[in-house]
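The residues making up each chain are set out below.
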There are 2 protein chains.
Amino acid sequence: MKETIPKPQDTAQTKARGARIQTKSQQRRQKHKEDLRLAILDAATELFLENGYEKFSLRQVAEAVGYSPTTIYHHFQDKDELLFHVSLEGFRTFGEMLQAAYDSKENPLERLEAIGDAYIEFGLGYPVHYRLMFMQRPEMFFDGNSKKFEMPETFNDMIDSFSVLQKNVQECIDAELFQSIDSQLLSGIIWANIHGAVALCISGVGVDEGAARAINKHGHKLLIKGLQKTNPTT
Amino acid sequence: MKETIPKPQDTAQTKARGARIQTKSQQRRQKHKEDLRLAILDAATELFLENGYEKFSLRQVAEAVGYSPTTIYHHFQDKDELLFHVSLEGFRTFGEMLQAAYDSKENPLERLEAIGDAYIEFGLGYPVHYRLMFMQRPEMFFDGNSKKFEMPETFNDMIDSFSVLQKNVQECIDAELFQSIDSQLLSGIIWANIHGAVALCISGVGVDEGAARAINKHGHKLLIKGLQKTNPTT
DNA sequence: TTGACAAACTTAACACTGTTAAGTAATATA
DNA sequence: TATATTACTTAACAGTGTTAAGTTTGTCAA
């Protein structure tokens, strides 16, 4: 479990003599570097999911992959960046789930519900990720003013996926399905309802998964009903 | 700023000779202990509000009150208990605000809105406290299974105040103001809406205070509208 | 094959953290 | 004044993230 990635000297002892291929040597070096980076990410992910954010430790990650703590600093500039990339994969699936929900329905109203359901499913299915992003270290992901490390392109793609909710709300409004209301505001209201359900559940304040789903479902229903036009326009 | 509470030897050096009053000696001793406890709490509160949960340090508290770190362990069993009591005072005002909101109106529907507004005001006004309780260390306050230290009576009083929302929702339902809906579920929906608004704001994901208040206000309005009976009963 | 160079990796240390055990100083009681 | 108790400190332990300096290793050219 420890010696997943063989250290450089191990691979060299056997192959060093026949050093004919020059261009591929640095390729192999780089591949090893990438492999190690992935191994670090894997071990870190496992420890993160197992112990959560509070008990997540760089040194433990290092020990898990069988390297000294300082080695990690050659692949990630600090603990936060490692943690960021660990959670990145989780949020990629978040984005995919939202996008899939958007694509799953044609009707904007049904889509809105599907997106909400997908959101809930991610929150309840990946509570450690969700807690990190929205409860424990949100400034790591949002709050652009203090970004210590650069965001990879995949992250921005992800953020785009998050905006499917706003996009869909706008589409509902454009289709004149609702009474007159600001699009941004309505997005916020729906987001608050969904995030509230997830957050109250995964923070363990007494709302179980069933209740969270029910809050989402019926809260959504009530909101939609409240958005209905009372008297036909024009 | 450091020598707020004089240490025992300082008070004794002057008064020790005339040790006539026996019963008051331990009284004075106990008073000093309580004073120190309060001084610790004060310093801890200041540091907590200043640095937040992540950077809150026992040793810094000790230095601030001018005692060694171990002294704190004579007044609080560990860092968590100190933090708990630091936040307790904040949440006392939370409970009072909710109770005051409940008392401020006669009409259950107006009360519901008042409670929501009070909740928002606390969340936005005491973000460090709110974050600790609902986002960073909720298990310290809820999640009865793993209570390491005992809760003081004042805490239980506080928790009672939190239930004014549930109580008021029940009253609305009893007054047949809404369509048929489970009281627990509706409480959850309203709570999710309010908590969602607060949480999205104070976690810095892009919802400012004005938006949070708007989400609460209009979200509440939509929910109430959605709860209206469509056709008169009986 | 050998030597130089750069990359990879480790050791040692720093400055912190919470927490405990053991010992000292101060006070209250007899 | 002696004794017990309480208050408090010192020293240490086992951790943490992070940095500087040094060593090992792999690569490439002479």
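Quick caveat, the model's predicted, so the values are computed rather than measured. (Residues numbered from 1 in each chain as written. Chains lettered and ligands numbered in written order. Predicted model: local features only at pLDDT ≥ 70, side-chain atom pairs only at ≥ 80, totals over all residues. Heavy atoms only, no water.)

**What to know about helix α6 (residues 127-136) of chain B**
Each full turn of the α-helix corresponds to 3.6 residues, which orients residues three or four apart in the same direction.
Step number 1: Burial analysis of α6(B) places eight of its 10 residues in the buried class, the great majority of the element.
Step number 2: Among the residues of α6(B), B:Val128, B:His129, B:Tyr130, B:Leu132, B:Met133, B:Phe134, B:Met135 and B:Gln136 are the ones counted as buried. (Buried < 20%, exposed > 50% of the residue type's maximum accessible area, 1.4 Å probe, protein only. Helix = DSSP H or I, 4+ residues; strand = E, 2+ residues; numbered from the N terminus.)

**Description of the relation of the copies chain A and chain B**
Step number 1: Each copy of the sequence occupies a distinct position, and chain A is placed on chain B by a rotation of 180° and an axial shift of 0.0 Å, giving an RMSD of 0.0 Å. Such a combination of rotation and displacement between the chain copies is what one expects of a two-fold axis.
Step number 2: Of all interface residues in chain A, 100% are interface residues in chain B too; the two copies therefore contact each other through one and the same surface. (Least-squares fit on C-alpha atoms with pLDDT ≥ 70 in both. Contact = heavy atoms within 4.5 Å.)

**Observations concerning the domain arrangement of chain A**
Residues and elements named next belong to chain A.
Step number 1: Split into domains, chain A comes out as domain 1 (15-76) and domain 2 (78-234).
Step number 2: Roughly 1,300 Å² is buried in total at the junction of domain 1 and domain 2, and carbon and sulfur atoms are behind 79% of that figure.
Step number 3: Summed over the shared surface of domain 1 and domain 2, the number is zero salt bridges.
Step number 4: Viewed at the interface, domain 2 and domain 1 are joined by three residue pairs in polar contact (both at pLDDT 80 or more). (Domains from an automatic or database assignment. Buried area = accessible area lost by both parts, 1.4 Å probe. Salt bridge = Lys/Arg side-chain N within 4 Å of Asp/Glu carboxyl O. Polar contact = N/O pair within 3.5 Å; in protein donor to acceptor, adjacent residues only side chain to side chain.)

**Notes on the packing of helix α5 (residues 108-125) of chain A against helix α8 (residues 164-174) of chain A**
Working note: a packed helix pair is described by the angle between its axes plus the distance between those axes.
Residues and elements named next belong to chain A.
Step number 1: At a closest axis distance of 9 Å, the pairing of α5 and α8 adopts a crossing angle of 155°. Between α5 and α8, the angle falls in the class roughly antiparallel. Crossing of α5 against α8: the hand is left-handed. In this structure, α5 uses Pro108, Leu109, Arg111, Leu112 and Ile115 to contact α8, whose residues at the interface are Val164, Leu165, Asn168, Val169, Glu171 and Cys172.
Step number 2: A breakdown of the residues in the contact of α5 with α8 according to their chemical character gives eight nonpolar, one polar and two charged. (Axes fitted to C-alpha atoms, helices over the stretch in contact; angles between N-to-C directions. Parallel < 35°, antiparallel > 145°, perpendicular 65-115°, else oblique. Left-handed = near helix turned anticlockwise from the far one by under 90°. Nonpolar A, V, L, I, M, F, W, Y, C, P; charged D, E, K, R; others polar.)

**Some points on the confidence of the model for chain A**
All names here are of chain A.
Step number 1: Taken residue by residue, chain A gives an average pLDDT of 87. The fraction at 70 or more is 84%.
Step number 2: Ignoring residues within four places in sequence, the model shows residues 10-22, a span with pLDDT below 50, making two contacts including any to other chains.
Step number 3: In the predicted complex, the global pTM is 0.89; the interface-specific ipTM is 0.88. (pLDDT = per-residue confidence, 0-100.)

**Points about the packing of aromatic side chains**
Residue and element names in this part refer to chain A.
Step number 1: Using the criterion set out here, one finds 34 aromatic pairs over all chains in the structure.
Step number 2: Above the plane of the ring of tyrosine 102 lies arginine 111, whose end atom (NZ or CZ) is 4.2 Å from the centre.
Step number 3: Sitting above the plane of the tyrosine 102 ring, lysine 167 keeps its charged end 4.6 Å from the centroid. (Phe/Tyr/Trp six-rings, centres within 6.5 Å; stacked < 30°, edge-to-face > 60°. Lys NZ or Arg CZ within 6 Å of the ring centre and 35° of its normal.)

**Considering the interface of chain A and chain B**
Step number 1: With 38 residues of chain A at the contact, the number on the chain B side is 38 residues.
Step number 2: With both sides pooled, the region where chain A packs onto chain B buries about 3,000 Å², and carbon together with sulfur makes up 72% of that total.
Step number 3: Among the residues of chain A in contact with chain B, A:Leu200, A:Leu222 and A:Lys225 are the three that bury the most area, contributing 19% of the side total.
Step number 4: Across the contact surface, chain A and chain B share zero salt bridges.
Step number 5: Across the contact surface, chain A and chain B share eight residue pairs in polar contact (both at pLDDT 80 or more).
Step number 6: Only α6 (127-136), α9 (183-202) and α10 (209-227) of chain A provide two or more residues apiece to the side of chain A that touches chain B.
Step number 7: The greatest single-element share of the side of chain A that touches chain B, amounting to 12 residues, is contributed by α9(A).
Step number 8: Taken together, the residues of the side of chain A that touches chain B sort by class into 21 nonpolar, 13 polar and four charged.

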